[in-house]
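Summary of the model geometry
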Amino acid sequence: MSEAVQTLEGWYALHDFRSIDWQSWKASPPELREQAMEELEQFLRQCAQAGEAKTGSTAFYSIVGQKADIVFMHLRETLDELNELEANFQKTAFADFTIPAYSYVSVVELSSYMAKPGTNPMEDPEIVARLKPQLPQSRHICFYPMNKKRDGQDNWYMEPMERRREMMRNHGLIGRSYAGRVKQIITGSVGFDDWEWGVTLFSDDPLVFKKLVYEMRFDEASARYGEFGGFYVGNLLDKPKLDRLFTV
Ligand code: 76R
């Protein structure tokens, strides 16, 4: 049996994708729409409080294309809190105008392929900050789930530790060449959701997503072993954009 890599886990993650029921939105009276927007903003303010208290973080983006219209990405200390957030949102008047489109449950994960031996990673403030990250307010988000292949000769989980470490080193080198232009959050979802990892990228330039993901396709860890689900890409929903989006 190949040796399993040790992983460190941080905050639990929920990516909650919704579509807007535009027909109902356009047909509803202005007072109801106003009430809905107020309750959405109140929900977002509650979410922001977790960030201020450093007990979590929430990002809110619009999604381009027909897979969904908006996404909340929540990071919290427990799965229970994620459940509560889901319910709190459902209780808002705004939620009545949304249709669930997709969701993803995972936990922020760092693997130890590159860990320095003999050190306690939980004593390293940099590592703790990566396990409990404040989500950036970058202009764009990109999310997709992925697996490492288990198919005949191409079985990641049968590769010896040293081979996987070597491949992850090369993967990390490509990633690092994008430092400052992209922030990546890898969340593990084995046992939680339909794929093995969620990949969430933040950048001010959407072309960085395309170039990074493309370059990685040529790297063995992705070229031989990467299997990918649907890609979701979108734009930061700040207050002016939010108002513009829902004005009819
Ligand atoms: O933690 C580290 O920084 C060490 C290096 C590293 C690991 C162990 C690293 C760096 N990643 C690691 C693990 Mn990654 N990553 C992805 C994708 O589209 C694709 O082909 C792959 C999707 C991207 C875009 C990306 C970006 N990474 C992982 C794992 C877990 C594998 C396992 O445990 O078996 C997955 C699934 C994964 C996928 N990675 C980086 C990046 C970037 C930008 C970096 C550099 C980070 C930095 O140094 O700041």
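In this report, we go over the structure that sits alongside the text. Source: prediction; values computed, not measured.

1. Some points on the overall build of the chain
Tallying secondary structure elements over the chain gives eight helices and 11 strands in all. Its C-alpha atoms give the chain a radius of gyration of 19 Å, within 12% of the compact-globule value 18 Å for 248 residues. Its C-alpha atoms give the chain principal-axis dimensions of roughly 65 × 35 × 30 Å. In the chain, which comprises 248 residues, the proportion classed as buried is 45%. In the chain, the proportion of contacts linking residues at least 24 apart, taken out of those at least 6 apart, comes to 78%. Total accessible area on the chain is roughly 13,500 Å²; 51% of this is exposed by carbon and sulfur atoms.

2. Digging into the coordination of the manganese atom of the ligand
The protein supplies the manganese atom of the ligand with one donor atom, H171 (NE2), which lies at 2.2 Å. For H171, the location among the structural elements is in helix α5 (residues 161-176).

3. Let's talk about the site of the ligand
Among the 23 residues in the neighbourhood of the ligand, the closest are listed as Y144, H171, R176, Q184 and S222. The contact in question runs from an oxygen atom of the ligand to an N or O atom on the side chain of R176, over 3.2 Å. Mapped by element, the contributors of at least two residues to the shell around the ligand are β5 (140-148), α5, β8 (183-188), β9 (197-203) and α6 (206-217). Considering each element in turn, the shell around the ligand owes the most residues, five residues, to α5. Residue classes in the shell around the ligand are distributed as 14 nonpolar, six polar and three charged.

4. Some details on the layout of surface pockets
Counted as a void, the second largest pocket has a volume near 390 Å³. What lines the second largest pocket is a set of 17 residues, and nearest its centre among them are L44, A48, T58, F60 and Q137. Going through the elements one at a time, α2 (30-52), β2 (56-63) and α8 (239-246) are the ones with two or more residues in the lining of the second largest pocket. No other element matches the five residues that α2 contributes to the lining of the second largest pocket. Along the lines of polarity and charge, the residues of the lining of the second largest pocket split into nine nonpolar, five polar and three charged.

Procedures and definitions
Residues numbered from 1 in each chain as written. Predicted model: local features only at pLDDT ≥ 70, side-chain atom pairs only at ≥ 80, totals over all residues. Heavy atoms only, no water. Helix = DSSP H or I, 4+ residues; strand = E, 2+ residues; numbered from the N terminus. Rg over C-alpha atoms; globule rule 2.2 N^0.38 Å. Buried < 20%, exposed > 50% of the residue type's maximum accessible area, 1.4 Å probe, protein only. Contact = heavy atoms within 4.5 Å. Areas by Shrake-Rupley, 256 points an atom, 1.4 Å probe, with all protein chains shown as cover. Donors = N, O, S within 2.8 Å, 3.2 Å for Na, K, Ca; no water. Near = heavy atom within 4 Å. Polar contact = N/O pair within 3.5 Å; in protein donor to acceptor, adjacent residues only side chain to side chain. Nonpolar A, V, L, I, M, F, W, Y, C, P; charged D, E, K, R; others polar. 1 Å grid on protein atoms, 1.4 Å probe; cavity = no way out; pocket = protein on both sides within 12 Å on 5 of 7 lines; lining within 4 Å. Points joined across faces, edges and corners; volume = space filled by probe spheres on them.

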